[in-house]
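This is what each chain is made of:
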Amino acid sequence: LRGEFPYIDVPKPAMPYWPGTFLLYTPPKVAGWDYRTMNLIVELATVFAVGCCGANGRLEPGSAAVARKALPLFMVFPSWTFYSAETQYPLSTLLAVLFCRSLTSWGGMSQAVALGAAVAVNQTFGILGLFTLPFWVRQFGLRNALRLTGTALFTCLVLISPFVVWNAKEFFRVTLLSLNAFST
């Protein structure tokens, strides 16, 4: 909001999260609210997405009930509630739910857009593209699978483009190249 490039790792804290996650907290910052307000809104959207989106009658009634209630029940555990309120992960959870719903209930174009948006929020979701490509090849054919891959990449690029245009070298250095490997 001060007009400075946000993707830095010196001085600490490092800012490795991609724009979707980072920008989620702009409205409460401008309004002077607690940032966790957005986490609560996103958690409610996740419950809505789990309970109301998709399925299209593809599941038998018992399986559909379990599928719609399992994640919201986990979300009321105190440890989940505390952790999600205090971290940047609720948006990743929502996008993961929407991406999974798109795979089970929506067409290829929606799947590609959901994947691109998920990666724009959390770069580690990029691995989902490797798992989704064989599914797309089988479901839609090689040519359409490549087209859907391009759509996912384009969607992600559009969402991260303001930061790439601003300072691509620093953006990719901080968000991808300077991350430390997990310890064993």
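Everything in this summary refers to the structure shown in the same document. Computed from a prediction, not measured in an experiment: that's the story for all the values here. Along every chain, residues carry numbers that run from 1 in the direction the sequence is written. For this predicted model, a pLDDT threshold of at least 70 governs which residues receive local features, and a threshold of 80 or more governs which side-chain atom pairs are given and counted, while totals over whole chains, interfaces and linings are taken from all residues. No hydrogens and no water enter the side-chain calculation; it runs on all heavy atoms of the structure.

## Considerations on the nonpolar core
Right, so step 1: Here, the term nonpolar core denotes a set of buried Ala, Val, Leu, Ile, Met, Phe, Trp, Tyr and Cys residues that are joined through side-chain atoms within 4.5 Å. Only protein chains enter the accessibility calculation, which uses a 1.4 Å probe; a residue is then buried when its area is under 20% of its type maximum, exposed when over 50%, and partly exposed in between. The biggest cluster of nonpolar side chains holds 36 residues, and the ones touching the most others in it are Tyr-7, Leu-91, Leu-95, Ile-160 and Phe-171.
Right, so step 2: In terms of residues, this core owes the most to one element, helix α9 (residues 142-177), which gives nine residues.
Right, so step 3: By the convention used here, residues are in contact when the closest approach between their heavy atoms is within 4.5 Å. If sequence neighbours within four positions are ignored, Phe-171 has contacts with Phe-5, Tyr-7, Trp-18, Pro-19, Ile-160, Phe-163 and Val-164. Starting at the N terminus, helices and strands are each numbered in turn, a helix being any DSSP run of H or I of at least four residues and a strand any DSSP run of E of at least two.

## Topic: the environment of Thr-87
Right, so step 1: Looking at where Thr-87 falls in the secondary structure, it is placed in the loop between α5 (78-86) and α6 (89-105).
Right, so step 2: Placed 51 residues apart in sequence, Thr-87 and Arg-36 show a C-alpha to C-alpha distance of 8.4 Å.
Right, so step 3: In this view, Thr-87 contacts Tyr-25 and Asn-39; residues no more than four positions away in its chain are not counted.

## As for the packing of helix α7 (residues 108-121) against α9
Right, so step 1: Interaxial angles span 0 to 180 degrees and are taken between N-to-C directions of axes, which are lines fitted to C-alpha atoms, for helices over the stretch in contact. Across the interface, α7 lies against α9 with an axial gap of 7 Å and an inter-helix angle of 40 degrees. You can see that α7 and α9 cross each other, and the crossing is right-handed. Across the interface between the two elements, Gly-108, Met-109, Ala-112, Val-113, Leu-115, Gly-116, Ala-117, Val-119 and Ala-120 of α7 pack against Arg-147, Leu-148, Thr-151, Ala-152, Thr-155, Cys-156, Leu-159 and Ile-160 of α9.
Right, so step 2: Of the residues in the contact of α7 with α9, the class split is twelve nonpolar, four polar and one charged. By definition, turning the near helix anticlockwise from the far helix through less than a right angle yields a left-handed crossing, and turning it clockwise yields a right-handed one. When residues are sorted by character, Ala, Val, Leu, Ile, Met, Phe, Trp, Tyr, Cys and Pro go into the nonpolar class, Asp, Glu, Lys and Arg into the charged class, and all the rest, Gly among them, into the polar class.

## Some points on the pattern of salt bridges
Right, so step 1: Any carboxyl oxygen of Asp or Glu that lies within 4 Å of a side-chain nitrogen of Lys or Arg is treated as forming a salt bridge with it. In the structure shown here, the tally under the stated rule is two salt bridges.
Right, so step 2: Across the salt bridge formed by Glu-170 and Arg-173, the nearest N and O atoms sit 2.9 Å from each other. Residue Glu-170 and its partner Arg-173 are both found in helix α9; the two are separated by three residues, about one turn of the helix.
Right, so step 3: When its relative accessible area of 21% is taken as the criterion, Glu-170 is described as partly exposed.
Right, so step 4: With relative accessibility at 29%, the residue Arg-173 sits in the partly exposed group.

## With respect to the packing of helix α3 (residues 36-52) against α6
Right, so step 1: Packing of α3 against α6 leaves a shortest axis separation of 9 Å and a crossing angle of 20 degrees. In terms of orientation, α3 and α6 fall into the roughly parallel class. By crossing handedness, the relation of α3 to α6 is classed as left-handed. Note on element contacts: α6 touches α3 through Pro-90, Leu-91, Thr-93, Leu-94, Val-97, Leu-98 and Arg-101, opposite Asn-39, Val-42, Glu-43, Ala-45, Thr-46, Ala-49 and Val-50.
Right, so step 2: A per-class count over the contact of α3 with α6 returns nine nonpolar, three polar and two charged. Orientation labels follow simple angle bins: below 35 degrees gives roughly parallel, above 145 gives roughly antiparallel, 65 to 115 gives roughly perpendicular, and whatever is left gives oblique.

## Some points on the side chain of Thr-46
Right, so step 1: Inspection of the secondary structure puts Thr-46 in helix α3.
Right, so step 2: Taking the relative accessible area as the measure of exposure, Thr-46 reaches 0% and is therefore buried.
Right, so step 3: Setting aside chain neighbours within four positions, we find Thr-46 in contact with Leu-71, Met-75, Pro-90, Thr-93, Leu-94 and Val-97.

Note that every value here comes from positions in space, so none of it alone points to a role or purpose.
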